[in-house]
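Breakdown of the fold
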Amino acid sequence: MWLTVLMDIRRVGRDSVLVAVPDAATALAVFEECRRRGTDVADVVPAAETVLFDGVRDLEALVHDLPSWDLRPASRTGELVEVPTTYDGGDLDDVAALWETTTDEVVATHTGTEFVVAFCGFAPGFPYCTGLPDRLAVPRLDSPRAKVPAGAVGLAGPFTGIYPSTSPGGWRLIGRTDLRLWEPDRDPPATLVPGTRVRFVVA
Amino acid sequence: MRSLTVTEAGPLSTVQDRGRPGWAHLGVPRSGALDRPAADLANRLVGNDGSAAVLETTLGGISLTPSEPVTVAVTGAECAVTIGGSAVGYAEPVRVPAGATLRVGPATRGVRSYVGVAGGITVEPVLGSRSTDTLAQVGPPRLRDGDVLPLGDPVGAPAGVDVASARPFPRPALLRLHPGPRADWFDAPSLATLTGTSYAVSRESNRVGLRLEGPAMTRSREGELPSEGLVLGAVQVPPSGQPLVFLHDHPTTGGYPVVAVVDPDDLWLCAQLRPGELVRFSRR
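Criteria and cut-off values
- Residues numbered from 1 in each chain as written.
- Chains lettered and ligands numbered in written order.
- Predicted model: local features only at pLDDT ≥ 70, side-chain atom pairs only at ≥ 80, totals over all residues.
- Helix = DSSP H or I, 4+ residues; strand = E, 2+ residues; numbered from the N terminus.
- Rg over C-alpha atoms; globule rule 2.2 N^0.38 Å.
- Buried ≥ 20, exposed ≤ 12 C-beta atoms within 10 Å, placed from the backbone.
- Contact = placed C-beta atoms within 7 Å.
- Expected span 1.5 Å × (residues − 1).
- Pairing = 2+ DSSP bridges.
- Nonpolar A, V, L, I, M, F, W, Y, C, P; charged D, E, K, R; others polar.
- Axes fitted to C-alpha atoms, helices over the stretch in contact; angles between N-to-C directions.
- pLDDT = per-residue confidence, 0-100.

Observations regarding the overall build of chain B
From N to C terminus, chain B includes three helices and 18 strands. Relative to the 2.2 N^0.38 estimate, which gives 19 Å for 284 residues, the radius of gyration of chain B is 20 Å and therefore close to what a compact globule would have. Along the longest, intermediate and shortest principal axes, the C-alpha atoms of chain B span 60 × 40 × 30 Å. Considering chain B as a whole, with its 284 residues, one finds that 51% of them fall into the buried category. Within chain B, contacts between residues separated by at least 24 positions form 77% of all contacts whose residues are at least 6 apart in sequence.

Shown next as structure tokens:
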């Protein structure tokens, strides 16, 4: 796929651009292509429907070249990480109701899906995992919890996320894992970096 | 080991350098000194490389006692500086004897003072930076009374005092804006209001953002914006309509539209605005 078909490039400040893309998978593909090309940029931030190029050394060249970027499909060849999960989240019943199914079926669907980390955000090492179909998207909680424990596994929109550290949060919690997601002394410091394949397994 | 003891940490004092850009894709904020020119000046005055870590204070100042004689310089927010109770110069290299107390007084103009120390503060870097990130809790914790900070070996000679020229602190502060990326989410009267009136700095301001109070901006469209990457200086407009300018500890992504971005040359002013002071925006 050529990026030219999706061109919506917006200037951001003095030396950054925001590129609109149709979905998180394309954002990941743009991020990976940028890394392959070695574009001289301080930060590249893929997100749900955009990619931010922040601190671009040669902005004119990037804006000129972007339409000719030949995007490979977002990698399905990244490292596979299993996330042992105890499905006892406080919102599991609500998710089952929203999905119009049973909690057992929620667990079966969630463990039967291969996810890919499309991007990270919200907190260091917090992965936005894609893989569930859009029809299973769920709204965030109307009022966020003041304290969500580290390791909580939750759903918001079409994404599955895992809280790397204790924080406030509005995702619908379906379970928890003991997997450590964030260790600053390690390289990379995040366990689930963009492009990583993820399988949730019953702990 | 040469070291510096924090005898009185003040309300919020942190170690800061030029931050840790390059990790935003993992959700790690950039962090770093909010008033970069002042931090750079502090380093220059004591003969450090610009990448050395300095101390950043917030309104209340800090007291420090070195284990060995050291050269220091205080820049940024204006304040009284004393060594062993005797007044010494602001924004010039001064020598602190071993065991003497350097007192950086409360800010008399501006918010954040910087203390450069010859050799730099050499706490363990995290992801390539010694900066304290108050949002993501990356890097060293904020300073507490009694902390002992390691110092590096001085590399350069202290500069002459004549290199430090006073900066104007214009009031109201004028921040130049680059419009976009989401200016199209707001109606024309709101955009005119943003650049046509003054906003007051809110007490809720911190290292994450300069929060402003004034005429509310109204959106020209309904709906939610999917979270997208944020840059330093982004002027985000949450549902309240009150704009905020993201500073160095900003989150890497955000879900409210960014109407404009403050020019990098004006960001130091955002670091030095006190609650209640006025800000005006102009289109760059």
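There's plenty left to go through after this.
Remarks on the overall build of chain A
Each helix and strand counted, chain A has four helices and 13 strands in total. A compact globule built from 203 residues should have a C-alpha radius of gyration of about 17 Å, and chain A, at 18 Å, falls within 12% of that. By the burial criterion, 44% of the 203 residues in chain A qualify as buried.

Considerations on helix α1 (residues 24-37) of chain A
Residue and element names in this part refer to chain A. An ideal rise of 1.5 Å per residue puts 20 Å on 14 residues; α1 measures up with 20 Å between its terminal C-alpha atoms. Three or more residues of α1 are buried, namely A24, T26, A27, L28, A29, V30, F31 and E32. Contacts made by the buried residues of α1 are with β2 (16-20), β3 (41-46), β4 (50-56), β6 (115-120) and β7 (127-130).

Details of the pairing of β2(A)
Residue and element names in this part refer to chain A. Among the five residues of β2, four are classified as buried, and the element is accordingly described as predominantly covered. Inspection of the sheet shows strand β1 (residues 9-12) paired to β2 by four bridges, in the antiparallel sense. For V12, the partnering residue across the bridge sits in β2 and is S16. Linking β1 to β2, which pair antiparallel, is a turn of three residues; within it G13 sits at a positive phi near 65 degrees.

Some thoughts on the pairing of β7(A)
Where burial is concerned, the two faces of β7(A) agree: the one with A:P127 and A:C129 and the one with A:Y128 and A:T130 are both buried. Linking two consecutive strands that pair antiparallel, namely β6(A) and β7(A), is a turn of six residues; a positive phi of about 75 degrees is found at A:F122 within it.

Points about the interface of chain B and chain A
Contacts between the two partners involve 25 residues from chain B, matched on the other side by 33 residues from chain A. Taken together, the residues of the side of chain B that touches chain A break down into 13 nonpolar, 10 polar and two charged.

Details of the environment of B:E213
Residue and element names in this part refer to chain B. Here E213 shows up in strand β12 (residues 209-213). Owing to 16 C-beta atoms within 10 Å, E213 belongs among the partly exposed residues under this scheme. For the pair formed by E213 and S202, sequence separation is 11 residues and the distance between their alpha carbons is 6.1 Å. When residues no more than four places from it in sequence are discounted, the contact partners of E213 are Y199, A200, S202 and Q242.

Considerations on the sheet that holds β1(A)
Residue and element names in this part refer to chain A. Here we have four strands laid out as an open sheet, ordered β1-β2-β4-β3, and antiparallel in their pairing. Each edge of the open sheet carries a strand with a single partner, namely β1 and β3. Along the sheet, successive strands turn relative to each other by an average axial angle of 15 degrees, direction set aside. Against the sheet, α1 contacts β2, β3 and β4, and its axis sits at roughly 160 degrees relative to β3.

Structural notes on the environment of B:D153
Of note, B:D153 is situated in the loop between β9 (148-150) and β10 (173-179). For B:D153, a count of 9 C-beta atoms within 10 Å translates into the label exposed.

So, the sheet that holds strand β18 (residues 278-283) of chain B
Residues and elements named next belong to chain B. Strand order in the closed barrel made by the seven strands is β10-β17-β14-β15-β12-β11-β18, with mixed pairing throughout. Going across the sheet, the axis of each strand differs from the next one's by a mean of 40 degrees, ignoring polarity. Note: strand β11 (residues 198-201) against β18, three bridges, orientation antiparallel. Bridged to S198 within β18 is R280.

Observations concerning unusual backbone geometry
All names here are of chain B. P172 follows R171 through a cis peptide bond whose omega is -5 degrees. Structurally, the position occupied by P172 is in the loop between β9 and β10. Here G180 and P181 are connected by a cis peptide whose omega angle stands at 15 degrees. Take P181: it is sitting in the loop between β10 and α2 (188-196). Positive phi is not limited to glycine here, since S31 has a value of about 60 degrees. With respect to the secondary-structure elements, S31 resides in the loop between β2 (14-16) and α1 (36-45). Overall, S31 belongs to the buried group, with 31 C-beta atoms counted inside 10 Å.

Focus: the confidence of the model for chain B
This prediction gives chain B a mean pLDDT of 94; 98% of its residues lie at or above 70. Both scores are available for the predicted complex, with the pTM at 0.93 and the ipTM at 0.94.

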